[in-house]
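Summary of structural features
So you can see what is in the structure, the chains are spelled out below.
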Amino acid sequence: MEGLFKILFESAPEATLVVTTLGEIMLANNQVERLFGYTKEELIGREIEILLPVEMVGMHKLHRLEYVKSPGLREMGSGGELAACHKNGSELLVEVSLSPLPMENDLLIAVAVRDVTERRKLNTQLKISEQQFKGAFEYSAVGMALVSLGGKWMRVNKSLCQLLGYTEEEFLLTDFQQLTHAEDLEGDLLLVEKIIKGEIESYQLEKRYFHKNGNIIWALLNVSLVKDIHGNPLHFISQIQDITEWKRSEQLLLERDALLSKLSAQVPGAIFQYQLFPDGTSSFPFTSQGVLDIYELTSVELKKKGSLVRERLHPDDYARTIASIQESFQTLSLWLQEYRVLLPKKGIRWIQGNAKPERQRDGSVLWHGYLTDITERKKTELALIESEQRWQFALEGSGDGVWDWHIPSGQVFYSNRWKSMLGYETNEIGDQREEWTTRIHPQDRLPHDRELNKYLSGEVDVYINEYRIRRKDGTYHWILSRGKVILYDEKGKPVRMIGTFSDISWQKNKETELTQALNIVNEQNKRLLNFAYIVSHNLRSHTVNLEMMLIFLEDENMQDEREQTIGYLNRISKSLSETVGHLVEVVDIQSNPNQPRQHLNLRDYIQKTVSSLTKDININKVKIVNNVSPLVSVDYNPAYLENILLNFISNGIRYRHPEREPIISLDVFYENEKLLLKIGDNGIGIDLEGNGRELFGMYKTFHGNPDAKGIGLFITKNQVEAMGGKIEVESKVDAGTTFKIYFR
């Protein structure tokens, strides 16, 4: 019996210790060494508090003394999750069961410790994943409902309808009380009363519902109260998760645990001894009754023929599992393996095996260990992976990129689609937020940050932002970015934000084209009205003069008077011809906006214009300063460019200041990515306040110069605008004038 106790003690899947009422460790099994990193020799004789964080030692000693006063069986997990401490100082989460072991003159306590750290991590990951892709009410994989304060179903999602078998219309005709198992109703209503009174903010409850077909469905119910802006209760929001299978598994676990001794009361699966001989034959000298659930083989069958287990191994896992056993056989290393089996009744099941090998005198190896069914855990892991893949596929299938920002650390997950939208391969973009922000157009960065901060601070309810972002090839694309915070810390600060990334360059380009087209139409309308006014005014003036002269001619009797009148008619006719010529030139410019263009060197054309004005420049001693680089070129109509330069330079000569040396300077700048030519002089200047609106009008003159006709600036402005540019002017009387010509 003592040998069997030792086997059971050492083979227990949980870390197990036997301690005195004073907390002194008397025994520790192999699992303790694996879990905490201490050897048995390091633990025997030490207080059990060596396995706890320093800050918990004092409190634990008090709890230990209280337990000794009234010892009793405390099942695994009844005390909740506790913090334990590894030898290397790292902390882990554990569950503990206590079993009193009365002795003749003393009381010993059996302590079983289960590591639940990975389980906690897995649960946390699952919750985060659900927040990612199950945020919408209707498409949540978990049953969700809005419930009135009186218990009436107000709204239910598809998952809840599928869970309980009712249609949405059938739900809305009843309340949760009618669908709740009678034994669970009172406890549920008590919690409802507490949450309405404000004693609790939410509650979680395992309860039973009645399916439409009469079956009982176990569910994990989470309830929160929704309030209005004044804090008055509105309704409940409930999450109802099917845990029927989990409850069934829990029941099986309890039934299986009842067959084990106090030291292995909490062990799921089977405890076993497996012996492999040098000739390849094998046997299971000992297996607990749980082996029947694991392999659907009895202990008697496995003792006679250990190779029966090999026949249960899944074909895809067979070679790997056998190889792991052989490696443990050769090296005496711990055997730890997860594999699938094909069972006659249950089908495919996932099994986890853990055993420590010992070499025997006959050359065989004997393993002491345990087996447990981890099928549900594997299903959860697979569901997690599939859910994440579905979420990624759904979003990226829509053409949008996806981002997931952990705000405190600044790390961002960028989907492959996000990266490809910017022209990058998957491995060319890191996981820092700077990968994003540094590519935002400089003019958009401050507005982008301002909108984001308004959302994060709670000033606005949604985050939607449009801005330009630089691609790998250096071009900028317009982006529509949407996002939502899905996780806050205990102080209400945002921790995690996810969102999408849409390319809206096409829409933006269309908006720009439409705006440009409207501007062109408006400008053409203005020109048309101005042209109509000019035609009406100027031609009517000449017509009236002609009519008057003809009347005078009919009335004149003297030959010299008739000749004088005819002279007047000739001058009017010549003036009319000039006016018609000017109007024809304007019509030609405005009716042919797509004038042929050539690649022209701007400095060369300036020099050419200056050369044509050499006589006037020398006579008036004008200084021409050409600061334009020989590298600057423009795509322009040659005749237009020559006429534009000629008009502005000749005006600078014509309207020079009589009291100082005339200077005309030409400079080139870039403004908002457009080429700008400045032609400035130090002449007599223009009164822009009085004449600015009429400066580029037809037949408008301002200095009383007898040679001025008021047509040059008008024609020049039309030519510049026909080439897609614009003209601006800066001038001050007695100081000079600067014309700024913008090239497209």
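All figures in this text were calculated on a predicted structure; none of them were measured in a lab. (Residues numbered from 1 in each chain as written. Predicted model: local features only at pLDDT ≥ 70, side-chain atom pairs only at ≥ 80, totals over all residues. Heavy atoms only, no water.)

Some words on the nonpolar core
We apply this condition: Buried residues of nine kinds, namely Ala, Val, Leu, Ile, Met, Phe, Trp, Tyr and Cys, make up a nonpolar core once their side-chain atoms join them within 4.5 Å. Working definition: with a 1.4 Å probe on protein chains only, accessible area under 20% of the residue-type maximum means buried, over 50% means exposed, and in between means partly exposed. Helix numbering and strand numbering both begin at the N terminus, where a helix is a DSSP run of H or I of at least 4 residues and a strand a DSSP run of E of at least 2. By definition in these notes, contact holds between two residues if any of their heavy atoms fall within 4.5 Å.
Y636, L641 and L677 are the most contacted members of the largest nonpolar core, which totals 32 residues. Breaking this core down by element, the ones donating at least two residues are α21 (602-612), β23 (633-636), α23 (638-654), β24 (663-671), β25 (674-681), α25 (712-722) and β27 (736-742). Broken down by element, this core gets its largest block of residues, seven residues, from α23. Not counting chain neighbours up to four residues away, the residues in contact with Y636 comprise P596, R597, Q598, L600, L641, I644, Q719, V720, M723 and F743.

Some details on the packing of aromatic side chains
The geometry of two aromatic rings is summed up by the distance between their centres and the angle between their planes. Applicable threshold: Geometry of aromatic contacts follows a simple scheme: Phe, Tyr and Trp rings, the Trp one being its six-membered ring, pair when their centres are within 6.5 Å, and the pair is stacked under 30 degrees between planes, edge-to-face over 60, tilted otherwise. Placement of a charge over a ring requires the Lys NZ or Arg CZ to be within 6 Å of the ring centre, with the centre-to-atom vector within 35 degrees of the ring normal.
Within the structure shown, the criterion is met by 14 aromatic pairs. On the basis of an interplanar angle of 70° and a centroid distance of 6.4 Å, the ring pair of W418 and W436 is categorised as edge-to-face. Residue W418 is located in helix α16 (residues 416-421), and its partner W436 is located in helix α17 (residues 434-437); the two are separated by 18 residues in the primary sequence. Comparing W418 with W436 shows no difference in burial state: the two are buried. By way of ring pairs, the aromatic residues W403, Y414, W418, W436 and F501 are connected into one cluster. Over the ring of W218 we find K247; its NZ or CZ atom is 4.4 Å from the centre of that ring.

Quick word on the confidence of the model for the chain
Quick reminder of the rule: Per-residue confidence from the predictor is reported as pLDDT, a score between 0 and 100.
On average, residues of the chain carry a pLDDT of 83, and 81% of them reach 70 or more. Here helix α20 (residues 559-591) is the element of the chain with the lowest mean pLDDT, 57, and helix α14 (residues 315-331) is the one with the highest, 94.

Describing the sheet that holds strand β12 (residues 282-287)
Cut-off, in case you're wondering: Think of it this way: DSSP has to see at least two bridges between two strands before they count as a pair. Only the stretch in contact is used when fitting a helix axis, every axis being a line fitted to C-alpha atoms; angles between N-to-C directions are given from 0 to 180 degrees.
One open sheet accounts for five strands, arranged β12-β11-β15-β14-β13; its pairing is antiparallel. Sheet topology places β12 and β13 (335-343) at the edges, where each strand pairs with a single neighbour. Within the sheet, the average angular offset between the axes of one strand and its neighbour, ignoring direction, is 30°. When strand β11 (residues 270-276) meets strand β15 (residues 365-373), the two strands line up antiparallel, connected through seven bridges.

Comments concerning α14
Here is the rule we go by: Here a helix's expected span is defined as the number of its residues, less one, multiplied by 1.5 Å. As used here, the arc belongs to the directions running from the helix axis to the C-beta atoms.
Taking 1.5 Å per residue as the helical rise, α14 with its 17 residues ought to reach 24 Å, and the 25 Å between its terminal C-alpha atoms agrees with that figure. Within the sequence span of α14, burial applies to D317, T321, I322, S324, I325, S328 and F329. Seen end-on, α14 carries its buried residues on one side only, within an arc spanning 160°. Residues of α14 that are exposed and angled more than 90 degrees away from the buried face: D316, A319, E327 and Q330. Packing partners of the buried residues in α14 comprise β11, α13 (308-312), β13, β14 (347-359) and β15. Once α14 finishes, L332 follows within two positions and takes phi at roughly 55°, a positive value.

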